[in-house]
Amino acid sequence: MTRNRRRTVARLLLALAATGLPLIAPTAAAADPASSAWAKLRMCESSDRYATNTGNGYYGAYQFDLPTWRSVGGQGRPDQAAPAEQDYRALYLYRMRGWQPWQCAGMLKLTADADARSKRVPTYTESAYIGGGGRPAPAPAAGGAKPAWPGVVYRYGDCADPLKTFQLRMNAFGYGFTGTGCYLDKTRTAVLDLQRANGIKDSGLLGPKTWDAAWTGKPPR
């Protein structure tokens, strides 16, 4: 390892330590950005929604357009790919072009490092540290207590860990969810049923009132 490389590794370890992130596996390769940087990027680009498709030609958590997605080997549409796949293609793109493809990276002042534009094709193991594809879903609160609202209004097509918590809670009313964490037809039915039972506007949006009603409101009919 060269002296410059050792200095780069040391700087990265210090930066990771400052964020409070674990320094053990799964980890970034020596010079890849910290998972906190990726989390900030996703939040800016898509509100951390892997399944987002707003109809503007950009898809998924990292807002890939189709030519860029395919340039790093992506198949199909980004928003329809698993979170781990989107994480992998984002790291792949970073290693090809640095932060340049993402406008949010400039707004957030994310700095490039030794792996930016290195042209090294990553492995899935190397991209696992990013976090979006491997974050465990929060366990439902013990004793049926209401967990805090996650602060995001969910709608049809969204996939997120708190949606799994909501789905599993709705099983108490006989819905039979497996806990996919994705808001599709069955979740929409449960949300609308809950809203109508509790006098909440039946918008189909899973916001704070509907979230609270799942634990403290009237059960759906």
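Quick notes on the rules
- Residues numbered from 1 in each chain as written.
- Predicted model: local features only at pLDDT ≥ 70, side-chain atom pairs only at ≥ 80, totals over all residues.
- Heavy atoms only, no water.
- Disulfide = S-S within 2.5 Å.
- Helix = DSSP H or I, 4+ residues; strand = E, 2+ residues; numbered from the N terminus.
- Buried < 20%, exposed > 50% of the residue type's maximum accessible area, 1.4 Å probe, protein only.
- Axes fitted to C-alpha atoms, helices over the stretch in contact; angles between N-to-C directions.
- Parallel < 35°, antiparallel > 145°, perpendicular 65-115°, else oblique.
- Left-handed = near helix turned anticlockwise from the far one by under 90°.
- Contact = heavy atoms within 4.5 Å.
- Nonpolar A, V, L, I, M, F, W, Y, C, P; charged D, E, K, R; others polar.

Chemist: Describe the state of the cysteines, listing the residues and the values that go with them.
Modeler: Tallied over the full model, the rule gives two disulfides. A disulfide bridge connects Cys 44 with Cys 104, and the sulfur atoms are separated by 2.1 Å. Its S-S torsion of about -75° marks the bond between Cys 44 and Cys 104 as left-handed, since a negative value means left-handed. Residue Cys 44 is located in helix H2 (residues 35-46), and its partner Cys 104 is located in helix H5 (residues 103-107); the two are separated by 60 residues in the primary sequence. Under the relative-accessibility criterion, Cys 44 is labelled partly exposed at 31%. Taken in N- to C-terminal order, the disulfide-linked cysteines of the protein are connected 1-2, 3-4.

Chemist: Break down the packing of helix H7 (residues 161-170) against helix H8 (residues 185-197) for me, with residues and values.
Modeler: For the pair H7 and H8, the least separation of the axes is 11 Å and the interaxial angle reads 65°. Taken together, the axis directions place H7 and H8 in an arrangement best described as roughly perpendicular. Crossing of H7 over H8 shows left-handed handedness. From H7, Phe 166, Gln 167 and Met 170 reach across to H8, where they touch Thr 187, Ala 190, Val 191 and Leu 194. For the contact of H7 with H8, the class distribution of residues is five nonpolar, two polar and no charged.

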